[in-house]
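The residues making up each chain are set out below.
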Amino acid sequence: MRIEPEVVPGYPDRILPKDAAAAAVLKKRTLTNLYNERPTWLDNAHRALDAAVAAAYGWPADLSDDEILARLFALNQERAAAGR
């Protein structure tokens, strides 16, 4: 591992791979690959976040995506009408 100073103030220094093999491994570490692999910890984190958001809206945690979209659309329409 090699550390290179960041040129943008306020950002941490960059950690660079130590060699070409490490660089090849890091190149495969993308958010797309992470979501495609969907490890258990990520799936659990998504479920916890979904439950927290549902609780914040006062909704049941087991709504389908279509039900969530319908409720969000209705909220948006209410807020748009109130702002007129």
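What you see is a predicted model, and the numbers here were worked out from it, not measured in a lab.

1. Here we look at a nonpolar patch on the surface
And then number 1: A cluster of nonpolar side chains, contributed by Leu49, Val53, Tyr57, Leu69 and Leu72, occupies part of the molecular surface with about 450 Å² of accessible area.
And then number 2: Contributions of two or more residues to the nonpolar patch are made by α3 (40-57) and α4 (65-82).
And then number 3: Per element, the largest residue contribution to the nonpolar patch is three residues, and it comes from α3.
And then number 4: Inspection of the secondary structure puts leucine 49 in helix α3.

2. Overview of the environment of alanine 81
And then number 1: Locating alanine 81 in the fold gives a position in helix α4.
And then number 2: In sequence terms alanine 81 and leucine 63 are 18 residues apart; their C-alpha atoms lie 25 Å from each other.

3. Some points on a negative patch on the surface
And then number 1: Among the surface-exposed residues, Asp50, Asp62, Asp65, Asp66 and Glu67 lie close enough to one another that they form a single negatively charged patch.
And then number 2: You can see glutamate 67 is positioned in helix α4.
And then number 3: The class of glutamate 67 is partly exposed, set by a relative accessible area of 39%.

4. Side note on the environment of alanine 80
And then number 1: With respect to the helices and strands, alanine 80 occurs in helix α4.
And then number 2: With 43 residues separating them in the primary sequence, alanine 80 and glutamate 37 have C-alpha atoms 39 Å apart.

5. Points about the packing of aromatic side chains
By convention here, two paired aromatic rings are described through the distance between centres and the angle between planes.
And then number 1: Across all of its chains, the model carries one aromatic pair by this definition.
And then number 2: The interplanar angle of 15 degrees and the centroid separation of 4.5 Å between the aromatic rings of tyrosine 57 and tryptophan 59 together place this pair among those described as stacked.
And then number 3: Its relative accessible area of 38% is what places tyrosine 57 among the partly exposed residues.

Conventions used here
- Within any chain, residue numbers begin from 1 and follow the written order of that chain's sequence.
- In keeping with the predicted nature of the model, local features appear solely for residues at pLDDT of at least 70, side-chain atom pairs appear and are counted solely at 80 or more, and the whole-chain, interface and lining totals rest on all residues.
- Hydrogens and waters are ignored; side-chain quantities use all the structure's heavy atoms.
- For patches, a residue must show more than 30% relative accessible area and have no salt bridge; joins then use 9 Å for like charges and 5 Å for nonpolar side chains, namely Val, Leu, Ile, Met, Phe, Trp and Tyr.
- Calculation of accessible area relied on Shrake-Rupley with a 1.4 Å probe; when residues are assessed, cover is drawn exclusively from the protein chains displayed.
- Salt bridges, as used here, are contacts in which a Lys or Arg side-chain nitrogen is within 4 Å of a carboxyl oxygen on Asp or Glu.
- For helices the rule is a DSSP run of H or I covering at least 4 residues; for strands it is a run of E covering at least 2, with both sets numbered from the N terminus onward.
- His is not counted, nor are the chain ends; Lys and Arg add positive charge and Asp and Glu add negative charge.
- Working definition for charges: the position is that of NZ of Lys, CZ of Arg, CG of Asp or CD of Glu.
- Three labels apply to residues, based on accessible area from a 1.4 Å probe with only protein chains included: buried if under 20% of the type maximum, exposed if over 50%, partly exposed otherwise in between.
- Two rings from Phe, Tyr or Trp (for Trp, the six-membered ring) form a pair when their centres sit within 6.5 Å of each other. Planes less than 30 degrees apart are called stacked, planes more than 60 degrees apart edge-to-face, and all others tilted.

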